[in-house]
Amino acid sequence: MKPPVQAIIFDFDYTLADSSEGVIECINFALDKLGLPLAADAEIRKTIGLSLPDALVMLVGEEHTQHSDAFAQLFVERADEVMTDMTELFDIVPETVTALQKLGIRLGIVTLKYRYRIESILRREQLTDAFEVIIGFEDVSEQKPNPSGLLTAVEKLECARQNCFYVGDSVTDAKTAQQANINFIPVLSGVTPRAAFEDYDVYTVLKDVSELLNLESVRR
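Residues numbered from 1 in each chain as written. Predicted model: local features only at pLDDT ≥ 70, side-chain atom pairs only at ≥ 80, totals over all residues. Heavy atoms only, no water.

*Asks:* Would you take a moment to explain the overall build of the protein for this structure?
*Replies:* The secondary structure content of the protein amounts to nine helices and seven strands. Its C-alpha atoms give the protein principal-axis dimensions of roughly 55 × 35 × 30 Å. By the burial criterion, 50% of the 220 residues in the protein qualify as buried. Taking all contacts inside the protein whose residues are at least 6 apart in sequence as the whole, residues at least 24 apart take part in 66%. Surface accessibility of the protein: about 10500 Å² in total, with carbon and sulfur atoms responsible for 46%. The distance from the centre of the 20 positive side-chain charges to the centre of the 36 negative ones in the protein is 5 Å. (Helix = DSSP H or I, 4+ residues; strand = E, 2+ residues; numbered from the N terminus. Buried < 20%, exposed > 50% of the residue type's maximum accessible area, 1.4 Å probe, protein only. Contact = heavy atoms within 4.5 Å. Areas by Shrake-Rupley, 256 points an atom, 1.4 Å probe, with all protein chains shown as cover. Lys, Arg positive; Asp, Glu negative; His and termini not counted. Charge placed at Lys NZ, Arg CZ, Asp CG, Glu CD.)

*Asks:* How do you make sense of the nonpolar core when you look at a structure like this?
*Replies:* It is characteristic of soluble globular proteins that their nonpolar side chains tend to be buried jointly. One finds Ile8, Phe10, Phe131, Val167 and Leu212 to be the most contacted residues of the largest nonpolar core, which totals 29 residues. Mapped onto this core, the elements with two or more residues apiece are strand 1 (7–10), helix 5 (93–102), strand 4 (106–110), helix 6 (115–124) and strand 6 (164–168). Ile27, Phe29, Phe71 and Phe75 belong to the second-largest nonpolar core, a separate cluster that totals 22 residues. (Core = buried A, V, L, I, M, F, W, Y, C linked by side-chain atoms within 4.5 Å.)

*Asks:* Please clarify how helix 7 (residues 148–156) should be interpreted in this entry.
*Replies:* Within an α-helix, residues lying three or four positions from one another point in the same direction, as the helix has 3.6 residues per turn. If you check which residues of helix 7 are buried, you get Gly149, Leu150, Ala153 and Val154. Along helix 7, the residues classed as buried sweep out an arc of 140 degrees about the axis, all on the same side. Exposed side of helix 7, more than 90 degrees from the buried face: Glu155 and Lys156 are the residues found there. In this structure, the buried side of helix 7 is in contact with strand 1, strand 4, strand 5 (133–135), strand 6 and helix 8 (171–180). (Arc of directions from axis to C-beta.)

*Asks:* What exactly am I supposed to notice about the packing of helix 1 (residues 20–33) against helix 4 (residues 68–82) here?
*Replies:* The description of two packed helices rests on the angle between their axes and on the distance between the axes. The N-to-C vectors of helix 1 and helix 4 enclose an angle of 135 degrees; their axes lie 8 Å apart at closest approach. Considered as vectors, helix 1 and helix 4 are oriented oblique to each other. The interaxial crossing formed by helix 1 with helix 4 has right-handed handedness. Residues Val23, Glu25, Cys26, Ile27, Phe29, Ala30, Leu31 and Lys33 of helix 1 form the contact with helix 4, whose participating residues are Phe71, Leu74, Phe75, Glu77, Arg78, Ala79 and Val82. (Axes fitted to C-alpha atoms, helices over the stretch in contact; angles between N-to-C directions. Parallel < 35°, antiparallel > 145°, perpendicular 65-115°, else oblique. Left-handed = near helix turned anticlockwise from the far one by under 90°.)

*Asks:* I'm lost on helix 6 in this one. Help?
*Replies:* Buried within helix 6 we find Arg117, Ile118, Ile121 and Leu122. Angular distribution of buried residues about the axis of helix 6 spans 135 degrees; they occupy a single face of the element. Count one or two residues on from helix 6 and you reach Gln126, which has phi positive near 60 degrees.

*Asks:* What is the right way to read a negative patch on the surface from this model?
*Replies:* A cluster of acidic side chains, namely Asp85, Glu88, Asp91 and Glu95, defines a negative patch on the protein surface. Structurally, Asp91 can be placed in the loop between strand 3 (88–89) and helix 5. (Patch = residues over 30% accessible without salt bridge, like charges linked within 9 Å, V, L, I, M, F, W, Y side chains within 5 Å. Salt bridge = Lys/Arg side-chain N within 4 Å of Asp/Glu carboxyl O.)

Such coordinate-based values are descriptive only and should not be taken to indicate function.
See the structure below:
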């Protein structure tokens, strides 16, 4: 019998929320300011979950890596203006979070986004107290798939690794969980197809986070 779950840690983008419109706006803002070609919406959506330098390479090629720092600075500049208003939690998130809390499960977030931006969104949605730990971009020296942020969250939640899930939508999240030796659950609420997770050891694959409530190990 699998042990009951004590804590669930979530990625943010495409796992709990859709910030794609904001990301599209901020990426094309930065590209335009740098005099680089604007990117198609669909191509930008595929970069969500990547670091900004990796997103830049994916969109315009390795020959423009010298613009990485300026690109990131411009992205953040625009994101501070528009990202909170252009990010929407998935409809099923508030009720799912409430149900998990009632089951006594401790919740956290580990994301490539800045923590202050996550906190602003959660405050708007009146979910500030739902997540005991939020590890954002500014809280770690190395970003996902480096497992340091996830391991820090597990430690702060006082949970053994075998009693914890990491839930995310991307291969980056899968790699992070693998390196942290924590059970990973991919959700298909983003743009990453189910087939992309076949090379990873996953606990199960879910349509979205609401299906966590169907798991026996969660209900117990």
